[in-house]
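Listed below are the residues making up each chain.
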Amino acid sequence: MGTRGRQLVGDNAEKLVDLLNRALADEWLAYYQYWIGAKVVRGPMKGETIAELTQHAADELRHAEMLATRIIQLGGTPILDPSRWKELTNCGYDAPTDPFVKTVLEQNIKGEQCAISTYSKILEFVKEFDPITEQIVVQILADEVEHEDDLQSILEDFEDMKFAQ
Ligand code: FE
Ligand code: FE
Ligand code: MG
């Protein structure tokens, strides 16, 4: 971003870049958790689950893109080394060591709930001084809310199925 654009965020630039880099770490870990989850998941409703996980992986990658672009505009450096993802993450990484549909869905629901909390906090911070980042965070937050809802509705169908027999 040009010098005038950066004046919008003023003294908050450094803290903002740090928050966005932490969110960037979350997005990459979420991307991989969905991507690998879609490869290994097993059990009833596997097809539907794979389709949802694959779509969410693509969304998380797009979020990473949005964050990295904004970090650069702010004069910051997006995380350059993947070894820092685990160091900076807010929401961590849940390896799908148990590939059963229900477990994978529950792990990813937990991840989305953490993402919703994280972006809500970033939104509170940026809305005071940075309408550009605010707009980006609102878009991402809307996706995370949709992700949680999508996964919970598959999980509900899964639970209902047990009683339909
Ligand atoms: Fe995301
Ligand atoms: Fe998400
Ligand atoms: Mg979805």
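Look up: the structure comes first, before these words.
These notes cover the structure that comes with them. Computed from a predicted structure; not experimentally measured.

Roughly 260 Å³ of internal volume is contained in the largest pocket. Lining the largest pocket we find 20 residues, and of these A30, C91, G92, G111 and E112 sit closest to its centre. At the level of elements, α2 (13-40) and α5 (101-126) are the ones that each hand at least two residues to the lining of the largest pocket. With 9 residues, α5 is the single largest residue contributor to the lining of the largest pocket. Here the lining of the largest pocket is composed, by residue class, of 7 nonpolar, 6 polar and 7 charged.

The interhelical angle for the contact between helix α3 (residues 46-73) and helix α6 (residues 131-163), taken along N-to-C directions, is 165°, at an axis separation of 11 Å. Here α6 runs roughly antiparallel to α3, going by the angle between their axes. For the pair α3 and α6, the crossing hand works out as left-handed.

The rules behind each value
Residues numbered from 1 in each chain as written. Chains lettered and ligands numbered in written order. Predicted model: local features only at pLDDT ≥ 70, side-chain atom pairs only at ≥ 80, totals over all residues. Heavy atoms only, no water. 1 Å grid on protein atoms, 1.4 Å probe; cavity = no way out; pocket = protein on both sides within 12 Å on 5 of 7 lines; lining within 4 Å. Points joined across faces, edges and corners; volume = space filled by probe spheres on them. Helix = DSSP H or I, 4+ residues; strand = E, 2+ residues; numbered from the N terminus. Nonpolar A, V, L, I, M, F, W, Y, C, P; charged D, E, K, R; others polar. Axes fitted to C-alpha atoms, helices over the stretch in contact; angles between N-to-C directions. Parallel < 35°, antiparallel > 145°, perpendicular 65-115°, else oblique. Left-handed = near helix turned anticlockwise from the far one by under 90°.

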